[in-house]
Amino acid sequence: MKVTGEIEVIRQERWADPKASWGLVPTMGYLHDGHLSLVRRARVENDFVVVSIFVNPTQFAPDEDLESYPRDLDRDLALLRDCGVDLVFIPTNETMYPEGFQTTVQVSKITRLLEGRSRPTHFEGVTTIVTKLFNIIQPTKAYFGQKDAQQAIVIQRLVEDLNQHLELVICPIIREPDGLAMSSRNVRLKPAERSSAEILYKSLMAAKKAYQNGKKDADELRKLVIDMIGEEPLARLDYVSIADPSTLQELSILGDEALISLAVFFGDVRLIDNMLIP
Ligand code: AMP
């Protein structure tokens, strides 16, 4: 496994055999089984696998957790070695944003909804860094998690709109045994908050069950989730959305497909989760 922060080294490795297929898994590190599920899938579907680890400062607002975002590079590299990864790209901030940097990539409408409402500068940071990674690595396929459902939709839009020459693969959410979606941020929860955080999955499941039992009114389903989260003293709801999975427009009546998503604070830790219906 080759580890480098140099763009030139990435390009040399990538193009050593122009016929070889390459799978890219972009991450911010502090890897868990959710990340590794993407890596394993990339391993099966490509000749070579490259993983990037970069805590991208431009997708964090000044009041967010950039400084306290968990990091453990040695552990990450050991996990990636075990998964048979070929190349790890760990650039510095200076490599990705050298002096004079002034270009950004913006997806307009769908980035203003859901996460974009609470984090107005977030997606511009994401789409810019993802475009840079695509341009540096030029992967055959790139792997993202359904855990960040809106991110997956935004990146799909970006790839289509800018004619990026690659295939996106969106992988299912990997959860802890109690249902909590794996996240690098889970480690920042205090023990009582960690127990309370079960409520995310529980409330999503309750909404799905109510839908399956015939409840199609989106406001009623939103209220069900809001009430369940409201009963958890340590949880502070940011938003609940029940939206069309392709446009992210809020629904009033649920049809065949819906994306229920939510963001909840526990102390200063902000967790997101979602569930597709059916
Ligand atoms: P991050 O390091 O949080 O930026 O995540 C890197 C990639 O892993 C993103 O595409 C995430 O959607 C994906 N990911 C994170 N957590 C999970 C999870 N629990 N299950 C599946 N994919 C995940």
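Attention here is on the structure that accompanies the text.

How each quantity is defined
Starting afresh in each chain, residues are numbered from 1 along the sequence in its written order. Owing to the predicted nature of the model, reporting of local features is limited to residues with pLDDT of at least 70; listing and counting of side-chain atom pairs is limited to 80 or more, with chain, interface and lining totals taken over all residues. Hydrogens and waters are ignored; side-chain quantities use all the structure's heavy atoms. When a carboxyl oxygen of Asp or Glu is within 4 Å of a side-chain nitrogen of Lys or Arg, the pair counts as a salt bridge. Partly exposed describes any residue whose relative accessible area lies between the buried limit of under 20% and the exposed limit of over 50%, with all areas from a 1.4 Å probe on protein chains only and scaled to the type maximum. Segments assigned H or I by DSSP are reported as helices when at least four residues long, segments assigned E as strands when at least two residues long, and all are numbered from the N terminus. Pairing between strands requires that DSSP locate at least two bridges from one strand to the other. The convention used is that axes are lines fitted to C-alpha atoms, helices contributing only their stretch in contact, and that angles between N-to-C directions extend from 0 to 180 degrees. Two residues qualify as a contact provided that any one of their heavy atoms is within 4.5 Å of a heavy atom in the partner residue. A molecule or strand has a residue near it when one of that residue's heavy atoms lies within 4 Å. Pairing of N or O atoms within 3.5 Å defines a polar contact, subject to two protein rules: one partner must be a possible hydrogen donor and the other a possible acceptor, and residues neighboring in sequence count only if both atoms are side-chain atoms. Accessible areas in this description were obtained via Shrake-Rupley with a 1.4 Å probe; residue shielding takes into account the shown protein chains only.

1. Some thoughts on the pattern of salt bridges
Counted by the stated rule, this structure contains 20 salt bridges. As a salt-bridge pair, Arg40 and Asp33 come within 3.7 Å of each other at their nearest N and O atoms. Of the residues examined, Arg40 reaches a relative accessible area of 42% and is grouped as partly exposed. With a shortest N-O distance of 2.7 Å, Arg185 and Asp65 are connected by a salt bridge. Of the two residues, Arg185 sits in the loop between β6 (167–171) and α8 (191–196) while Asp65 sits in the loop between β3 (48–53) and α3 (73–82), which places them 120 residues apart along the sequence. Here Arg185 and Asp65 have matching classes, each one buried. Within this structure, Asp65, Arg185, Arg188 and Asp268 form a network of salt bridges that share partners.

2. Describing the sheet that holds β6
Here we have 6 strands laid out as an open sheet, ordered β1-β4-β3-β2-β5-β6, and parallel in their pairing. Whereas interior strands pair on both sides, the edge strands pair on one side only; in this sheet they are β1 (2–4) and β6. If you compare each strand with its neighbour and ignore which way they point, the axes differ by 20 degrees on average. Here 3 bridges tie β1 to strand β4 (residues 87–89), and the two strands are oriented parallel to one another. Looking across to β4, one finds that Lys2 is bridged to Leu87. The strands touched by α3 are β1, β3 and β4; relative to β3, the strand with the most contacts, the crossing angle is about 165 degrees. Relative to the sheet, helix α6 (residues 122–137) contacts β2 (22–27), β3, β4, β5 (141–145) and β6, its axis offset from that of β2 by approximately 150 degrees.

3. Things to note about the pairing of strand β9 (residues 269–277)
Of all 9 residues in β9, 8 are buried, a share of seventy percent or more. When strand β8 (residues 258–266) meets β9, the two strands line up antiparallel, connected through 9 bridges. Pairing of Phe265 across the sheet is with Arg270, part of β9. Turn length for the β8-β9 hairpin, with the two strands adjacent in sequence and antiparallel, is 2 residues, and the turn residue Gly267 shows positive phi of about 60 degrees.

4. Here we look at the site of the ligand
The ligand sits among 17 residues. The nearest are His35, Gly145, Asp148, Ile174 and Met182. Between the ligand and Asp148, the relevant distance is 2.6 Å, taken from an oxygen atom to a side-chain nitrogen or oxygen of the residue. At 2.9 Å from a nitrogen atom of the ligand is found a main-chain nitrogen or oxygen belonging to Ile174. Out of a free accessible area of 490 Å², the ligand has 93% covered by protein chains. Sorting the residues of the shell around the ligand by element identifies β2, α2 (33–45) and β5 as the ones contributing at least two each. Looking at which element gives the most residues to the shell around the ligand, the answer is α2, with 3 residues.

5. A closer look at the sheet that holds β9
An order of β7-β8-β9 is seen for the 3 strands of this open sheet, with the pairing classed as antiparallel. Edge positions in the sheet fall to β7 (235–243) and β9, since each has one partner strand and no second. Strand-to-strand, the axes of this sheet are offset by a mean angle of 15 degrees, without reference to chain direction. When β7 meets β8, the two strands line up antiparallel, connected through 8 bridges.

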